[in-house]
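Architecture and fold: a report
These are the residues of each chain, in order.
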Amino acid sequence: SGTDAGFACGGPEAYNLALSAGLHRAIATFPMPVIAAMSGDATGAGWWLGGLCDLMVCSEDAQYGYAGSDRAQLTAQDGWLRERFTESQARQLSSPTGYWRGAQLKASGWTCAIVPREQVMSTVQSLAGSLSTKSALALRLLKSHLSRSLRVQVEALEAAEVVAEQAAQTTGEIRVIRLDQCDVA
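First things first, this report covers the structure right here in the doc. (Residues numbered from 1 in each chain as written. Predicted model: local features only at pLDDT ≥ 70, side-chain atom pairs only at ≥ 80, totals over all residues. Heavy atoms only, no water.)

This paragraph deals with the overall build of the protein chain. Looking only at helices and strands, the protein chain features 9 helices and 7 strands. Here the protein chain holds 185 residues, and 44% of them are scored as buried. Taking the contacts inside the protein chain whose residues are at least 6 apart along the sequence as the reference set, 71% of them involve residues at least 24 apart. (Helix = DSSP H or I, 4+ residues; strand = E, 2+ residues; numbered from the N terminus. Buried < 20%, exposed > 50% of the residue type's maximum accessible area, 1.4 Å probe, protein only. Contact = heavy atoms within 4.5 Å.)

Here it is, written out as structure tokens:
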């Protein structure tokens with residue numbers, strides 16, 4: 001979780017830093033379900049990291065998604081967005097209108113928990129409490145089910161990251177990786 005003001009925000013540099021730190025792999029490979037408590041804004045790289053979690057609890061009044069300055073990052077994550085969310089939700093997030101309030105996402109049919117800001121942590125605690133009553137095997141199976149396609153995309157992302165890092169070293173450019181152009185077979 002972040003703070004009430006912000007879960008996490010950031011543009012291409014924050015996205016590249018998260019990749020370099022291996023946060024995507026840590027979330028995808030953690031053996032139990034990971035819950036994102038997103039009571040504050042989650043934009044750009046922050047929205048990506050929250051979306052990588054197995055379960056998200058969002059605030060009705062916080063902002064989520066990508067803006068114009070995040071377009072390169074959004075392009076890189078296009079395949080992941082379609083895989084993680086529904087096709088219509090991916091289109092909604094990639095629309096030129098920019099960020100969306102949690103209440104707007106809720107009204108348009110998003111299935112993650114979207115509650116008033118003051119209920120985010122209690123909702124996360126209730127969800128975590130419910131999960132804690134399950135056996136370790138049941139939790140590992142749930143994690144495997146929730147992250148099955150994400151693990152494949154993370155492996156492709158890491159392979160593409162090596163190539164992009166080599167190119168960035170020679171050109172000095174910010175890395176942008178398109179998951180939908182990676183070989184994930």
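Time to look at the side chain of Ser59. Turning to its location among the elements, Ser59 is positioned in strand 4 (residues 55-59). Residue Ser59 is classed as buried on the basis of its relative accessible area, which comes to 0%. Residues in contact with Ser59, not counting those within four places in the same chain, are Met38, Ser39, Tyr64, Gly102, Ile114, Val115, Pro116, Arg117 and Val120.

Okay, the sheet that holds strand 2 (residues 35-38) next. Across the sheet, which stays open at both edges, the 3 strands sit in the order 2-4-7 with parallel pairing between neighbours. Two strands bound the open sheet, and with one partner strand each, they are strand 2 and strand 7 (113-115). Across the sheet, the axes of successive neighbouring strands diverge by a mean angle of 15°, strand direction being ignored. For strand 2 and strand 4, the ladder comprises 4 bridges, and the chain directions are parallel. Across the sheet, residue Ala37 finds its bridge partner in strand 4, namely Val57. (Pairing = 2+ DSSP bridges. Axes fitted to C-alpha atoms, helices over the stretch in contact; angles between N-to-C directions.)

So, on to the environment of His24. Relative to the helices and strands, His24 resides in helix 2 (residues 23-29). In this structure His24 comes out as buried when scored by relative accessible area, which is 4%. Each C-alpha atom, one on His24 and one on Leu49, is 7.1 Å from the other, the two residues being 25 residues apart in sequence.

Within strand 4, 4 of the 5 residues are buried, which leaves it mostly tucked inside the rest of the structure. Where strand 4 and strand 7 come together, 3 bridges link them in parallel fashion. Residue pairing for strand 7: Cys58 is matched across the bridge by Ile114.

Scanning all chains against the criterion turns up 3 salt bridges. For Lys106, the salt bridge identified is with Glu60, shortest N-O distance 3.2 Å. Residue Lys106 is located in helix 7 (residues 102-107), and its partner Glu60 is located in the loop between strand 4 and strand 5 (63-65); the two are separated by 46 residues in the primary sequence. A relative accessible area of 42% places Lys106 in the partly exposed class. With its nearest N and O atoms 3.3 Å apart, the salt bridge here joins Arg117 to Asp61. Of the two residues, Arg117 is situated in the loop between strand 7 and helix 8 (120-132) and Asp61 in the loop between strand 4 and strand 5; the sequence distance between them amounts to 56 residues. Judged by its relative accessible area of 22%, Arg117 is partly exposed. (Salt bridge = Lys/Arg side-chain N within 4 Å of Asp/Glu carboxyl O.)

A few words now on the environment of Ser144. As for its placement among the helices and strands, Ser144 is situated in helix 9 (residues 136-171). Separated by 90 residues in sequence, Ser144 and Asp54 place their C-alpha atoms 9.9 Å apart.

In this model, helix 8 (13 residues) spans 18 Å end to end at C-alpha, consistent with the 18 Å of a helix rising 1.5 Å per residue. Listed in full, the buried residues belonging to helix 8 are Val120, Val124 and Leu131. On an axial view of helix 8, the arc spanned by its buried residues comes to 30°, and they lie on one face. Opposite the buried face of helix 8, by more than 90 degrees, sit the exposed residues Gln125 and Ser132. (Expected span 1.5 Å × (residues − 1). Arc of directions from axis to C-beta.)

This part takes up the layout of surface pockets. Roughly 200 Å³ of volume is contained in the second largest pocket. Taken together, Asp54, Leu55, Met56, Arg84, Phe85, Thr86, Gln89, Trp110, Thr111 and Cys112 form the lining of the second largest pocket. Taken together, the residues of the lining of the second largest pocket break down into 5 nonpolar, 3 polar and 2 charged. (1 Å grid on protein atoms, 1.4 Å probe; cavity = no way out; pocket = protein on both sides within 12 Å on 5 of 7 lines; lining within 4 Å. Points joined across faces, edges and corners; volume = space filled by probe spheres on them. Nonpolar A, V, L, I, M, F, W, Y, C, P; charged D, E, K, R; others polar.)

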